[in-house]
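# Descriptive analysis of the structure
As a plain string of letters, each chain reads:
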Amino acid sequence: MDTKVWIVDKYVDKLENNPQVVDAAHFLRENEVVALPTETVYGLGGNAESDEAVAKIFMAKGRPSDNPLIIHIADKQQLTRFVKEVPEKAERLMDKFWPGPLTIIFKKKHGILSEKATAGLDTVAVRLPDHPVALALLQACQLPIAAPSANSSGKPSPTNAGHVLDDLNGKISGVLDGGPTGVGVESTVIDCTESIPVILRPGGVTKEQIEAVIGEVQLDPALLDEASKPKSPGMKYKHYAPDAPLYLVNGSKVFLQELVEEKQRDGLRVGILTTKENRSEYNAALVLACGKRSELETVATALYDTLRAFNQEKVDIIFSEMFPNTGVGHAIMNRLQKAAGNRIINE
Ligand code: AMP
Ligand code: MG
């Protein structure tokens with residue numbers, strides 16, 4: 001299949017009437033799948049009410065069928081169609097963080113959405129994204145859109161249209177290219193079906209920000225302890241992995257450089273993931289600065305592009321610095337640990 005590329009300027013007014021957006025919306029209404037920019041990462045969208053469209057999403061990504069999709073809407077009113085009840089805490093979270101990188105799990109009404117989209121669960125994950133192109137597309141097609149990240153399953157999520165094409169060219173109807181995304185890591189997923197809501201996946205909105213609005217929330221124990229079974233089916237899978245094995249290094253810069261030299265003596269091409277502050281302190285075949293450590297948001301924004309860049313340069317092994325586990329650092333460390341398959345070297 002030919003994958004169309006629709007280039008869209010996200011700063012233009014009335015994007016829902018933009019011919020590129022209207023064309024992409026037409027494909028969605030025909031139950032085809034198209035990739036779209038959001039403020040977190042690029043999503044692969046399809047009509048959430050159509051088994052046919054949802055099957056195409058799973059097929060293009062090679063995604064395990066027990067991993068449910070996030071449903072994207074343009075307007076809170078759309079919730080009533082497929083959500084059973086909106087708890088008061090969820091209402092407050094929506095008022096504060098929508099549009100934005102927060103996905104909320106609700107009890108679902110049966111018989112509206114494709115069962116494949118929700119993996120047959122009694123709940124549904126919903127988000128209202130904060131990106132003009134995503135919102136325009138959702139308005140133009142007037143459908144709830146199921147959209148997981150637009151990468152091949154297991155690869156780092158795409159943060160620009162080039163990443164989407166690297167993985168899915170020829171497998172999807174098109175990609176709306178609205179430029180690079182901003183946040184860089186996926187949405188936070190919070191289960192609001194419990195009286196004390198539970199964070200299932202750390203992401204663009206931090207635990208601290210959420211607690212400032214609704215008080216105490218819990219973390220899914222699986223986020224802290226590898227042995228627990230995650231409540232979010234997708235969290236059990238290895239994810240975000242670059243081609244070469246990645247090791248997180250819990251130690252000094254000198255220690256990390258020693259690890260590099262040991263591997264170089266074995267004849268390996270070594271990559272290092274660091275930040276602007278520390279870049280010049282290392283010596284290796286490929287030293288990449290992933291944002292600035294003093295502004296963790298910039299690390300989140302650059303993370304997946306950096307992981308993908310190691311593939312381009314064909315390194316044999318990658319060592320990465322670690323980041324503080326607070327604020328958006330929580331999401332960064334969660335993704336890095338998965339990308340590393342939890343391989344951590346302590347000094
Ligand atoms: P992705 O779309 O690739 O960013 O992944 C979506 C994440 O949301 C995965 O970790 C899913 O398992 C999770 N998710 C989607 N729907 C539900 C649900 N009803 N209950 C719990 N987790 C969900
Ligand atoms: Mg994903």
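Below: a short report on this structure. Computed from a predicted structure; not experimentally measured. (Residues numbered from 1 in each chain as written. Chains lettered and ligands numbered in written order. Predicted model: local features only at pLDDT ≥ 70, side-chain atom pairs only at ≥ 80, totals over all residues. Heavy atoms only, no water.)

## Section: the pairing of strand 8 (residues 174–177)
Condition: A strand pair is defined by DSSP finding two or more bridges across the two strands. The secondary structure listing takes helices from DSSP runs of H or I that are at least 4 residues long and strands from runs of E that are at least 2 residues long, numbered from the N terminus.
As paired strands, strand 1 (residues 4–7) and strand 8 are joined by four bridges and run parallel to one another. When the sheet's bridge partners are listed, W6 is paired in strand 8 with L176. Note that strand 2 (residues 34–36) and strand 8 share two bridges and pair parallel. Bridge pairing links A35 to V175 in strand 8.

## Remarks on the site of ligand 1
The following threshold applies: Nearness is judged by heavy atoms alone; a residue qualifies as near a molecule or strand once a single heavy atom is within 4 Å of it. The definition of a polar contact used here is a pair of N or O atoms within 3.5 Å, where within protein one atom must be able to donate a hydrogen and the other to accept one, and adjacent residues in sequence count solely through side-chain atom pairs. Accessibility throughout is a Shrake-Rupley quantity obtained with a 1.4 Å probe, and a residue counts as covered only by protein chains that appear here. Under the scheme applied here, ten amino acids are nonpolar (Ala, Val, Leu, Ile, Met, Phe, Trp, Tyr, Cys and Pro), four are charged (Asp, Glu, Lys and Arg), and all others, including Gly, are polar.
Not every one of the 19 residues close to ligand 1 is listed here, only the nearest: R63, N67, T123, R201 and G234. At a separation of 2.9 Å, an oxygen atom of ligand 1 approaches a polar side-chain atom of N67. Within the side chain of S149, one N or O atom sits 3.5 Å away from an oxygen atom of ligand 1. Contact with the protein chains removes 95% of the 510 Å² of surface that ligand 1 exposes when unbound. Where the shell around ligand 1 is concerned, the elements lending two or more residues are strand 6 (123–127) and strand 10 (198–201). Among the elements that take part in the shell around ligand 1, strand 6 stands out by supplying three residues, more than any other. In terms of residue class, the shell around ligand 1 is made up of 10 nonpolar, five polar and four charged.

## Let's talk about the sheet that holds strand 15 (residues 317–321)
Using the following cut-off: Each axis is a line fitted through C-alpha atoms, and for a helix only the stretch in contact is used; angles between axes span 0 to 180 degrees, taken between their N-to-C directions. Here, residues are in contact when the closest pair of their heavy atoms is within 4.5 Å.
Strand order in the open sheet formed by five strands is 14-13-15-12-16, with parallel pairing between adjacent strands. Since the sheet does not close on itself, it has two edges, and those belong to strand 14 (286–289) and strand 16 (344–346), each with one partner. Averaged over all pairs of adjacent strands, the angle between strand axes in this sheet comes to 25°, irrespective of strand direction. In this sheet, strand 15 lies alongside strand 13 (residues 270–274) in parallel orientation, the contact comprising four bridges. Its bridge partner lying in strand 15, I272 is registered against F319. Sitting on the sheet, helix 8 (residues 253–265) is in contact with strand 12 (246–250), strand 13, strand 15 and strand 16, with an inclination near 180° to strand 15. Running at roughly 170° to strand 13, helix 9 (residues 296–312) makes contact with strand 12, strand 13, strand 14 and strand 15 of the sheet.

## Quick notes on helix 10 (residues 328–339)
Test applied: The span one expects for a helix is its residue count, reduced by one, times 1.5 Å. Exposure is judged per residue with a 1.4 Å probe applied to protein chains only, and the accessible area is read against the type maximum: over 50% gives exposed, under 20% gives buried, and values in between give partly exposed.
With 12 residues, helix 10 should reach 16 Å at 1.5 Å per residue; the first-to-last C-alpha distance of 17 Å fits that figure. With 11 of its 12 residues buried, helix 10 lies for the most part within the structure. Listed in full, the buried residues belonging to helix 10 are V328, G329, H330, A331, I332, M333, N334, R335, L336, K338 and A339. Packed against the buried residues of helix 10 are strand 10, strand 11 (218–219), strand 12, helix 9 and strand 15.

## Concerning the packing of helix 1 (residues 19–29) against helix 5 (residues 132–141)
Think of two packed helices as two axes; the pair is described by the angle between the axes and how far apart they sit. Selection rule: Angles below 35 degrees are treated as roughly parallel, those above 145 as roughly antiparallel, those between 65 and 115 as roughly perpendicular, and all remaining angles as oblique. The hand of a helix crossing depends on one turn: near helix anticlockwise from the far one by less than a right angle means left-handed, and clockwise means right-handed.
Running from N to C, helix 1 and helix 5 point in directions that differ by 55°, and their axes come no closer than 9 Å. In terms of axis orientation, helix 1 runs oblique to helix 5. As helix 1 packs across helix 5, the resulting crossing turns out to be right-handed. Contacts between helix 1 and helix 5 involve V21, A24, A25, L28 and R29 from the first element and A136, L137, A140 and C141 from the second. Across the contact of helix 1 with helix 5, the residue classes break down as eight nonpolar, no polar and one charged.

## Re the packing of aromatic side chains
Each pair of aromatic rings is reported with the distance of its centres and the angle of its planes. The condition that has to hold: Aromatic pairing here means that ring centres of Phe, Tyr or Trp (its six-membered ring) are within 6.5 Å. Orientation follows from the plane angle: under 30 degrees is stacked, over 60 is edge-to-face, and everything else is tilted. Whether a charge sits over a ring depends on NZ of Lys or CZ of Arg being within 6 Å of the ring centre and within 35 degrees of the ring normal.
If you walk through the whole model with that rule in mind, you get three aromatic pairs. Arranged with centres 5.4 Å apart and planes meeting at 20°, the rings of Y240 and Y304 form a pair that is stacked. Of this pair, Y240 sits in the loop between strand 11 and strand 12 while Y304 sits in helix 9, and the two are 64 residues apart along the sequence. The exposure classification of Y240 matches that of Y304, with both residues buried. Above the face of the Y247 ring, R343 is positioned so that its terminal group lies 5.0 Å from the ring centre.

## Description of the side chain of K338
As for its placement among the helices and strands, K338 is situated in helix 10. Not counting residues up to four positions away in its chain, the partners in contact with K338 are M235, Y237, K238, H239 and Y240.

## Observations concerning the side chain of Q257
The topology assignment puts Q257 in helix 8. The class for Q257 is buried, based on a relative accessible area of 11%. Look past the residues within four positions of Q257 in its chain and what remains in contact with it is I272, E281, Y282 and N283.

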